[in-house]
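Descriptive structure summary
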Amino acid sequence: MMEADFDVVIIGGALAGAGMGMLLKRELPEARILIVERSDAFSFKVGESTSEVGSAFLIRVLRLGSWLSREQIAKNGLRFWFNRPENTCAGRCAELGPKLQVRLPAYQLDRSKLDTHVLGLAAGDGCEVVRPGVVRDLQLEGLGRNRLTVSTASGNRTVTAKWVIDASGRAAVIARQRGTLENLEAHPTSSMWCRFRNVGDLDSHEMAGLHPEMSKRVWSQRSTATNHLTGDGWWAWIIPLQGGEVSAGLTWDRRIF
């Protein structure tokens, strides 16, 4: 068997791909790892609010705790707002969430910033990074006989790999090639999301004046939580991000809307 060019080729250089590259190099420093990232700069993506388990991975496994504390917003848990038929304002919505600050760390993430940082760490650990690069041809023929053709600004490059890891997210390179990507028709939902600037603060003096009883119910920071607005067949999230922008998204059941 001919020696492969790389031990591992990772398709996708965002958090999943770059994080995998970091972990492999830390465990196997001599491993030859190539990360192929199609974008020249990371953009916004879903995955801005971590769970406590996700934060534990970022802090205890990837060891990003100090960087997260400096560069991202510490999240104050989950908060749910339920519409009532008689409500005419936010102060009359049913609300579930912690009264005090939460004990376990979690974060609201600017993913473009996080992904850039982790990919830089992977390169620093010794992973070779091709960026921008697009996988144009992929032949999976077994250990050591996998072949990829990567299109770059300087032309096409063909490499062989013992292992190929698909961390391409929604692009789902291998699943699309094999025809195994399927819609989950049993759960027919759609979603959309965007970002806003100049959003009012739930914990502001103005809000306390408008809704004094709502202000007194909670001592923690509502505005740094992941706030969910929920209704019959739909829910929306509101997530503050480092730098002042707010991510807002809507998910709905297509059988109802």
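In short, a report on the structure. (Residues numbered from 1 in each chain as written. Predicted model: local features only at pLDDT ≥ 70, side-chain atom pairs only at ≥ 80, totals over all residues. Heavy atoms only, no water.)

At a minimum axis distance of 8 Å, the contact between helix α1 (residues 15–27) and helix α4 (residues 111–124) shows a crossing angle of 25 degrees. By the angle between their directions, the pair α1 and α4 is classed as roughly parallel. Between α1 and α4 the crossing geometry is left-handed. On α4, the residues touching L15, A18, G19 and M22 of α1 are R111, L114, D115, V118, L119, L121 and A122. Partitioned by chemical class, the residues of the contact of α1 with α4 number 8 nonpolar, 1 polar and 2 charged. (Axes fitted to C-alpha atoms, helices over the stretch in contact; angles between N-to-C directions. Helix = DSSP H or I, 4+ residues; strand = E, 2+ residues; numbered from the N terminus. Parallel < 35°, antiparallel > 145°, perpendicular 65-115°, else oblique. Left-handed = near helix turned anticlockwise from the far one by under 90°. Contact = heavy atoms within 4.5 Å. Nonpolar A, V, L, I, M, F, W, Y, C, P; charged D, E, K, R; others polar.)

With that settled, the discussion passes to the sheet that holds strand β9 (residues 146–152). Pairing is mixed in the open sheet, where 6 strands are placed in the order β7-β2-β1-β10-β9-β8. Every other strand in the sheet has two partners, leaving β7 (128–130) and β8 (134–139) as the edge strands with one partner each. Between one strand and the next, the sheet's axes are offset by a mean angle of 35 degrees, whatever the strand orientation. Alignment of β9 against strand β10 (residues 155–166), held across 7 bridges, turns out to be antiparallel. When the sheet's bridge partners are listed, T152 is paired in β10 with G155. Running at roughly 170 degrees to strand β2 (residues 33–36), α1 makes contact with β1 (6–11), β2 and β10 of the sheet. (Pairing = 2+ DSSP bridges.)

A separate point is α1. Compared with the 18 Å implied by 1.5 Å per residue over 13 residues, the 18 Å span of α1 between its first and last C-alpha is a close match. All of the buried residues in α1 are L15, G17, A18, G19, G21, M22, L24 and K25. Turning to α1, the residues buried within the fold contact β1, β2, α2 (52–61), α4 and β10. (Expected span 1.5 Å × (residues − 1). Buried < 20%, exposed > 50% of the residue type's maximum accessible area, 1.4 Å probe, protein only.)

Further remarks concern the side chain of Q108. Inspection of the secondary structure assignment puts Q108 in strand β6 (residues 107–108). Exposure remark for Q108: the relative accessible area of 0% places this residue in the buried category. Within the structure, the side chain of Q108 is placed 3.0 Å from the backbone oxygen of T224, a separation counted as a polar contact. Among residues more than four places away in sequence, those in contact with Q108 are E48, S49, Q72, I73, K75, T224, A225, T226, I239, P240 and L241. (Polar contact = N/O pair within 3.5 Å; in protein donor to acceptor, adjacent residues only side chain to side chain.)

We now examine the nonpolar core. One recurring pattern in soluble globular proteins: nonpolar side chains tend to sit buried together. In this structure, I33, I35, L58, L64, L68, L114 and V118 are the most contacted members of the largest nonpolar core, which totals 25 residues. Listed by contribution, the elements that provide at least two residues to this core are β1, α1, β2, α2, α3 (65–71) and α4. Those residues in contact with I35 that lie beyond four places of it in its chain are I10, G12, G13, G17, A18, G21, L119, A122, C127, E128, V129 and V130. The next biggest cluster of nonpolar side chains, apart from the first, holds 14 residues, and it includes I11, V36, L138 and L148. (Core = buried A, V, L, I, M, F, W, Y, C linked by side-chain atoms within 4.5 Å.)

Looking now at the packing of aromatic side chains. All told, the structure shown has 1 aromatic pair when counted by the stated rule. Arranged with centres 5.7 Å apart and planes meeting at 50 degrees, the rings of W235 and W237 form a pair that is tilted. If you follow K99 out to its NZ or CZ, it ends over the ring of W219, 4.4 Å from the centre. The ring of F44 is capped by R195, whose NZ or CZ atom sits 3.5 Å from the centre of that ring. (Phe/Tyr/Trp six-rings, centres within 6.5 Å; stacked < 30°, edge-to-face > 60°. Lys NZ or Arg CZ within 6 Å of the ring centre and 35° of its normal.)

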